[in-house]
Amino acid sequence: EAQVTQNPRYLITVTGKKLTVTCSQNMNHEYMSWYRQDPGLGLRQIYYSMNVEVTDKGDVPEGYKVSRKEKRNFPLILESPSPNQTSLYFCASSLQFYNEQFFGPGTRLTVL
Amino acid sequence: AQRVTQPEKLLSVFKGAPVELKCNYSYSGSPELFWYVQYSRQRLQLLLRHISRESIKGFTADLNKGETSFHLKKPFAQEEDSAMYYCALSVPPNDYKLSFGAGTTVTVRA
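Residues numbered from 1 in each chain as written. Chains lettered and ligands numbered in written order. Predicted model: local features only at pLDDT ≥ 70, side-chain atom pairs only at ≥ 80, totals over all residues. Heavy atoms only, no water.

### A word on the overall build of chain A
Next up, step 1: Within chain A, the secondary structure is distributed over zero helices and 11 strands.
Next up, step 2: A globule of 112 residues ought to have a C-alpha radius of gyration of about 13 Å, and chain A, at 13 Å, matches this closely.
Next up, step 3: For chain A, the spread of C-alpha atoms along the three principal axes comes to 35 × 25 × 25 Å.
Next up, step 4: Evaluated residue by residue, chain A yields a buried proportion of 50% over its 112 residues.
Next up, step 5: Of the contacts formed within chain A by residues at least 6 apart in sequence, a portion of 53% connects residues at least 24 apart.
Next up, step 6: Summed over its atoms, the accessible surface of chain A is roughly 5200 Å², and 52% of this surface lies on carbon and sulfur atoms.
Next up, step 7: Across chain A, 12 positive and 10 negative side-chain charges occur, with their mean positions spaced 7 Å apart. (Helix = DSSP H or I, 4+ residues; strand = E, 2+ residues; numbered from the N terminus. Rg over C-alpha atoms; globule rule 2.2 N^0.38 Å. Buried < 20%, exposed > 50% of the residue type's maximum accessible area, 1.4 Å probe, protein only. Contact = heavy atoms within 4.5 Å. Areas by Shrake-Rupley, 256 points an atom, 1.4 Å probe, with all protein chains shown as cover. Lys, Arg positive; Asp, Glu negative; His and termini not counted. Charge placed at Lys NZ, Arg CZ, Asp CG, Glu CD.)

### A word on the nonpolar core
Nonpolar side chains in soluble globular proteins tend to end up buried together.
Next up, step 1: Counting residues in each nonpolar core, the largest one holds 25 residues, and the members touching the most others are Leu21(B), Trp35(B), Leu47(B), Leu48(B), Phe70(B), Leu72(B) and Tyr85(B).
Next up, step 2: Secondary structure elements with two or more residues in this core: β2 (10–14), β3 (19–21), β5 (32–38), β6 (45–49), β8 (69–74), β9 (83–90) and β11 (104–109) of chain B.
Next up, step 3: When residues in this core are grouped by element, the largest group, four residues, is from β9(B).
Next up, step 4: If we ignore the near neighbours within four places in the chain, the residues touching Leu72(B) are Val19(B), Glu20(B), Leu21(B), Trp35(B), Leu47(B), Leu48(B), Phe59(B), Thr60(B), Ala61(B) and Tyr85(B).
Next up, step 5: With 19 residues, the next largest nonpolar core counts Val21(A), Val66(A), Leu76(A) and Leu109(A) among its residues. (Core = buried A, V, L, I, M, F, W, Y, C linked by side-chain atoms within 4.5 Å.)

### A closer look at the interface of chain B and chain A
Next up, step 1: At the interface, 20 residues of chain B touch 23 residues of chain A.
Next up, step 2: Between chain B and chain A, the buried area comes to about 1800 Å², and carbon and sulfur atoms account for 54% of it.
Next up, step 3: Together, Arg43(B), Tyr96(B) and Lys97(B) form the three largest contributors to the area buried by chain B at its contact with chain A, with a combined 33%.
Next up, step 4: At the boundary of chain B with chain A, the tally comes to one salt bridge.
Next up, step 5: A salt bridge links Asp59(A) to Lys97(B); the shortest N-O distance between them is 3.1 Å.
Next up, step 6: There are nine residue pairs in polar contact (both at pLDDT 80 or more) connecting chain B and chain A.
Next up, step 7: Among the elements that make up the side of chain B that touches chain A, the one with the highest residue count is β5(B) (four residues).
Next up, step 8: Its residues assigned to classes, the side of chain B that touches chain A comprises 10 nonpolar, five polar and five charged. (Buried area = accessible area lost by both parts, 1.4 Å probe. Salt bridge = Lys/Arg side-chain N within 4 Å of Asp/Glu carboxyl O. Polar contact = N/O pair within 3.5 Å; in protein donor to acceptor, adjacent residues only side chain to side chain. Nonpolar A, V, L, I, M, F, W, Y, C, P; charged D, E, K, R; others polar.)

### Brief notes about the environment of Thr15(A)
Residue and element names in this part refer to chain A.
Next up, step 1: Tracing the sequence through the fold places threonine 15 in the loop between β2 (10–13) and β3 (19–25).
Next up, step 2: Overall, threonine 15 belongs to the partly exposed group, its relative accessible area being 47%.
Next up, step 3: Sequence separation between threonine 15 and phenylalanine 74 is 59 residues, and the spatial gap between their C-alpha atoms is 23 Å.
Next up, step 4: Non-local contacts of threonine 15, meaning those with residues more than four positions away in its chain, are made with Pro81, Ser82, Pro83, Val111 and Leu112.
Next up, step 5: Separated by 2.7 Å, the side chain of threonine 15 and the backbone oxygen of leucine 112 make a polar contact.

In structure tokens, the structure reads:
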């Protein structure tokens, strides 16, 4: 089944403890992206990747890192999480950036 | 930086009535514009994009460069249209970010 998967789906952590949220797609898509969703703010793009080894900042990249070593994977790294990074995170992929983006199920992160 | 504004957080209409969701953007060039929808307990999915000029599930959206708007319309709302709708914008080849509005929650009443 063609899909975007994220792990974990739920995570509660403490300030400063490094964490990684994984994202994987099995559709051979070139474009991948991370978003956070907050009430009243909608979806905001954190980082995106046009292809392997090509990543760029979205609208809210501060406090996040990404890597794209393989086409199918696009992990989101929080080196030192803070409470203002408590949010619902979505990974998405598309064949090219202008094609439909397929979204993962979301990861609900709480930073205490 | 581009910006997308959806002025209505909530929109309630009766079944069979027309529905219009507003989307305004701030960019002087030729953007790529999209509408995404999230139904209850489902993933966010593409509804339509202006470049393909298509009508999906009875919805249409017209790009008005003069008013910098991309409003979404449907002449006769159905209960299954109840969902959260997001307008989104990208401005290639300057960059390939995708900026979303804050979203509009639509409730269609019987």
